[in-house]
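Residue-level structural notes
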Amino acid sequence: MTNARQLADEAAAQLGDRLGKGFEAAVVLGTGWDDAVAELGDTEAQISTTDLAGFPASRVEGHGGTAAAVVAGDRRVLVFRGRVHLYEGNSAAAVTHGMRTAAAAGCGVAVLTNAAGGLRAHYRVGGPVLISDHVNLTGESPVAGTEWGTDRFVNLVDAYSPRLRALAADVDPEVPEGVYAGLRGPHFETPAEIEMLRLLGADLVGMSTVLEAIAARHCGLEVLGVSLVTNLAAGMTDEGPSHTEVLEAGAASGARVGRLLRGVIDRL
Ligand code: HPA
């Protein structure tokens, strides 16, 4: 059994020393979401997550690997730029340590953002989609072998908070909802796999978020998930997805999705 709580408490204490205390929400900025932070609020201070206990180095282009204190109106938000992925060879415990640290730092809400492939032709590339539910296809659970002090049989009904989704819809009523399929990656899917995911009820596909959402619920955090559709999924276009396309779509949409996040934080 890993004592996840001890490690999270240690990281949260270091966060408190370096960034101050009193965070209400944590925001994880996914691939291509970096520009959203300017719309979210003013960055007071930031540190490298590798200065905190338990965080491995992140090596993917487009992932900063920082934790920042951002002031959004009268709220303080803990913003993780960049995240830890399974596909970098990290454990489920490492992938979800940020969520556990956010809970230990006093956050009540986790906003998980990501880049995703869209499985629905009507999704606008460069547009956000609220995650209504997920299909975890990573084969991992961040709760297995992890002690936290709450029930390990985590209830995942309404894992993506209907209350927070309603707040987001209030900010931007045009934003659709969808079911996110989380795979290990880092390879993109084959067209046959996308066809399978569609049969399974998925609307979005990506390589993150599902383990963090499970861990966040395990720690009692309320979760909002927002995907930025950076491309249509494999088999839906002639070329297929590329990481460059994913980064470009993120950069082009940063301001709009940043305003969505700020609107949600203002309404908490
Ligand atoms: N598949 C998986 N992950 C992704 C995709 C995709 O098409 N786009 C962005 N992240």
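Note that the structure is predicted; figures quoted are calculated from it, not measured. (Residues numbered from 1 in each chain as written. Predicted model: local features only at pLDDT ≥ 70, side-chain atom pairs only at ≥ 80, totals over all residues. Heavy atoms only, no water.)

1. So, the packing of aromatic side chains
Overall, the coordinates contain 1 aromatic pair when judged by the stated rule. Between Arg-5 and the ring centre of Trp-148, over which it is positioned, the NZ or CZ distance is 4.4 Å. Lying across the ring of Phe-23, Arg-76 places its NZ or CZ 4.6 Å from the centre. (Phe/Tyr/Trp six-rings, centres within 6.5 Å; stacked < 30°, edge-to-face > 60°. Lys NZ or Arg CZ within 6 Å of the ring centre and 35° of its normal.)

2. With respect to the site of the ligand
Around the ligand sit Ala-115, Ala-116, Gly-117, Phe-188, Glu-189, Val-205, Gly-206, Met-207, Thr-230, Asn-231, Pro-241 and Val-246, and those are all the residues in its vicinity. Contact between the ligand and Gly-117: a nitrogen atom at 3.3 Å from a main-chain N or O atom of the residue. Side-chain polar atom of Asn-231 to a nitrogen atom of the ligand: 2.7 Å apart, as the coordinates give it. In isolation the ligand exposes 260 Å². Once the protein is present, 95% of that is buried. (Near = heavy atom within 4 Å. Polar contact = N/O pair within 3.5 Å; in protein donor to acceptor, adjacent residues only side chain to side chain. Areas by Shrake-Rupley, 256 points an atom, 1.4 Å probe, with all protein chains shown as cover.)

3. Here we look at the pattern of salt bridges
For the structure on display, the rule yields 14 salt bridges. Two residues, Arg-267 and Asp-170, come together in a salt bridge whose shortest N-O distance is 2.8 Å. One end of the pair, Arg-267, is in helix α8 (residues 243–267); the other, Asp-170, is in helix α5 (residues 162–171), with 97 residues separating them in the sequence. A relative accessible area of 36% places Arg-267 in the partly exposed class. (Salt bridge = Lys/Arg side-chain N within 4 Å of Asp/Glu carboxyl O. Helix = DSSP H or I, 4+ residues; strand = E, 2+ residues; numbered from the N terminus. Buried < 20%, exposed > 50% of the residue type's maximum accessible area, 1.4 Å probe, protein only.)

4. Points about the environment of Phe-55
Positionally, Phe-55 belongs in the loop between β3 (42–48) and β4 (66–72). For Phe-55, a relative accessible area of 11% gives the class buried. Separated by 121 residues in sequence, Phe-55 and Pro-176 place their C-alpha atoms 33 Å apart. Contact partners of Phe-55, with chain neighbours within four places excluded, come to Ala-11, Thr-49, Thr-50, Phe-80, His-97, Gly-98 and Thr-101. (Contact = heavy atoms within 4.5 Å.)

5. Let's talk about the pairing of strand β11 (residues 222–232)
Among the 11 residues of β11, 10 are classified as buried, and the element is accordingly described as predominantly covered. Two strands pair when backbone bridges link them, and strand β7 (residues 128–136) and β11 are joined in this way by 3 bridges, in the antiparallel orientation. Within β11, the position partnered with Val-129 by the bridge is Ser-227. (Pairing = 2+ DSSP bridges.)

6. Regarding unusual backbone geometry
Of note, the amide linkage connecting Gly-185 to Pro-186 takes the cis form, showing an omega dihedral of 0 degrees. Residue placement: Pro-186 occurs in the loop between β9 (177–182) and α6 (191–199). Located in the positive-phi region is Asp-158, a residue other than glycine, with phi close to 60 degrees. Relative to the helices and strands, Asp-158 is located in the loop between β8 (146–147) and α5. According to the relative accessible area criterion, Asp-158 is partly exposed, its value standing at 47%. At Thr-209, a position not held by glycine, the phi torsion is positive, near 70 degrees. Note that Thr-209 resides in the loop between β10 (204–206) and α7 (210–218).

7. Some words on the nonpolar core
Grouped together as the largest cluster of nonpolar side chains are 46 residues, with contacts concentrated most on Leu-15, Leu-19, Ala-67, Leu-78, Met-99 and Leu-204. Of the residues forming this core, the biggest block, 6 residues, is contributed by helix α1 (residues 4–19). Residues in contact with Leu-78, not counting those within four places in the same chain, are Leu-15, Leu-19, Phe-23, Ala-25, Ala-26, Val-27, Ala-67, Ala-68, Ala-102 and Cys-107. By size, the runner-up hydrophobic cluster in this structure holds 27 residues, among which are Ala-25, Trp-33, Ala-36 and Leu-40. (Core = buried A, V, L, I, M, F, W, Y, C linked by side-chain atoms within 4.5 Å.)

Read these as geometric descriptors, not functional statements.
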